[in-house]
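Results of the structural survey
As a plain string of letters, each chain reads:
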Amino acid sequence: MHNIWIIARRELGALFLQPIAYVFAITITLITGLLFSAQLSLTTLQPGSPPPDLAQILSTFTFLSIFIAPALTMRLLSEEQQTGTLELLMTLPVRDVEVILGKFLAAFIFYLLIVALTLIYPFILLRFGNPDAGPMLSSYLGVILWGTSILGIGLLASAMADNQINAFMLAFGTILLLYLTLIPAQLFAIGPTLATVLNELSLQSHLNNFFNGLIVAKDVLYYLLIAAVSLFAAARILESRRW
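Residues numbered from 1 in each chain as written. Predicted model: local features only at pLDDT ≥ 70, side-chain atom pairs only at ≥ 80, totals over all residues. Heavy atoms only, no water.

Section: the packing of aromatic side chains
With the rule as written, the count across this model stands at 13 aromatic pairs. Judged by centre distance (5.9 Å) and plane angle (80°), the rings of F63 and F67 are edge-to-face. With F63 and F67 both in helix α3 (residues 54-73) and four residues apart, this pair spans about one turn of that helix. We classify F63 as partly exposed; its relative accessible area is 34%. Residues F210 and Y223 carry aromatic rings whose centres are separated by 6.4 Å and whose planes lie at 45° to one another, so their mutual orientation is tilted. Separated by 13 residues along the polypeptide, F210 in helix α12 (residues 203-211) and Y223 in helix α13 (residues 217-242) bring together distant segments of the chain. According to the relative accessible area criterion, Y223 is buried, its value standing at 0%. Ring pairs connect the aromatic residues F63, F67, W146, F168, F172, Y179, F210, Y222 and Y223, which therefore count as one cluster. The ring centre of F232 lies 5.0 Å from the NZ or CZ of R236, which sits over that ring. (Phe/Tyr/Trp six-rings, centres within 6.5 Å; stacked < 30°, edge-to-face > 60°. Helix = DSSP H or I, 4+ residues; strand = E, 2+ residues; numbered from the N terminus. Buried < 20%, exposed > 50% of the residue type's maximum accessible area, 1.4 Å probe, protein only. Lys NZ or Arg CZ within 6 Å of the ring centre and 35° of its normal.)

Considerations on the pattern of salt bridges
One pass over the full model with this rule turns up three salt bridges. Across the pair R75 and E11 runs a salt bridge, and its minimum N-O distance is 3.0 Å. Taken together, the residues span a long stretch of sequence, with R75 in the loop between α3 and α4 (78-83) and E11 in helix α1 (residues 2-16) at a distance of 64 residues. Judged by its relative accessible area of 9%, R75 falls in the buried class. On the basis of relative accessibility, which here comes to 0%, the residue E11 falls in the buried class. The partner of E11 in a salt bridge is K103, and the shortest N-O contact between them spans 2.6 Å. In this pair, E11 sits in helix α1 while K103 sits in helix α6 (residues 96-116), placing the two residues 92 residues apart along the sequence. Grouping residues by exposure puts E11 and K103 together as buried. (Salt bridge = Lys/Arg side-chain N within 4 Å of Asp/Glu carboxyl O.)

Observations concerning the nonpolar core
One broad trend across soluble globular proteins is that nonpolar side chains are buried collectively. By size, the foremost hydrophobic cluster in this structure holds 64 residues, and its most contacted members are I100, W146, L151, L203 and Y223. When residues no more than four places from it in sequence are discounted, the contact partners of Y223 are L145, W146, T148, S149, L203, H206, L207 and F210. (Core = buried A, V, L, I, M, F, W, Y, C linked by side-chain atoms within 4.5 Å. Contact = heavy atoms within 4.5 Å.)

Focus on helix α7 (residues 120-128)
Among the residues of α7, Y121, P122 and L125 are the ones counted as buried. For α7, the arc enclosing every buried residue in end-on projection is 95°, short of the 170-degree limit, so these residues lie on one face. Summarising the geometry of α7, the exposed residues directed more than 90 degrees from the buried face are F123, R127 and F128. (Arc of directions from axis to C-beta.)

As for the confidence of the model for the protein
Averaged over all residues, the pLDDT of the protein equals 83, while 86% of them reach at least 70. By mean pLDDT, helix α5 (residues 85-90) is the weakest element of the protein at 58, and helix α8 (residues 133-160) is the strongest at 92. (pLDDT = per-residue confidence, 0-100.)

Let's talk about a nonpolar patch on the surface
A contiguous nonpolar surface patch, about 470 Å² in accessible area, is contributed by F16, Y22, I26, L30 and L113. The leading source of residues in the nonpolar patch is helix α2 (residues 19-45), at three residues. Relative to the elements of secondary structure, L113 occurs in helix α6. On the basis of relative accessible area, L113 is assigned to the partly exposed category, the value being 41%. (Patch = residues over 30% accessible without salt bridge, like charges linked within 9 Å, V, L, I, M, F, W, Y side chains within 5 Å. Areas by Shrake-Rupley, 256 points an atom, 1.4 Å probe, with all protein chains shown as cover.)

A few points about the packing of α6 against α8
Where α6 contacts α8, the axes come no closer than 10 Å and their chain directions differ by 140°. Comparing their axes, α8 and α6 come out oblique. Judged by the sense of rotation from one axis to the other, the crossing of α6 with α8 is right-handed. The residues of α8 that touch α6, namely those facing I100, K103, F104, A107, F108, Y111, L112 and V115, are Y140, V143, I144, W146, G147, T148, L151, G152 and L155. (Axes fitted to C-alpha atoms, helices over the stretch in contact; angles between N-to-C directions. Parallel < 35°, antiparallel > 145°, perpendicular 65-115°, else oblique. Left-handed = near helix turned anticlockwise from the far one by under 90°.)

What follows is the structure in structure tokens.
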């Protein structure tokens, strides 16, 4: 655990030095902030209008995070390989799984900091209204689990790619594909079996229950399984490079 934290702290410091991380954080905050402000203004100016929908705001956040996750993870392993520092890292008394978990933890902490920027929205709703806190909590749980899965995919892509651009594109394409598998399941006559398979593979479909205030075991396991499989595969790739 000590080695994991050392690696995470090192990578987290590097993330804070990257302008692109701040650009994405500011952009996602501005977009969700504008959306929340527009909904709040509509409620204020037109009595009887529905209150701001936190689920819609967080849904926008998760969509934008499709771009953020590859940006956060693209350099974690591909840069090490590109600059030749991966070989030096392999000579240290640290296991492959500790390297992977440390780098994942750094990206996950940075992701949580971006999520924390959106906490102002439920705070405002709770301060000036009487919303149901249950769906808010489940929505944020879904956003956090969503982050574990897409960051895991991003780290796996970084382990597979030989440079940061390839890592970004591979991670972005994979996440986007899993995000869009819900569309053919809903719009095309592909048969109930295939529609069910595509629906269960979709990142978005498993998020909807959280936004509706439901915490379903299969949705939690889905995101955790994607993260676990991605990190396991990344560790095996790192191990193969050691030999």
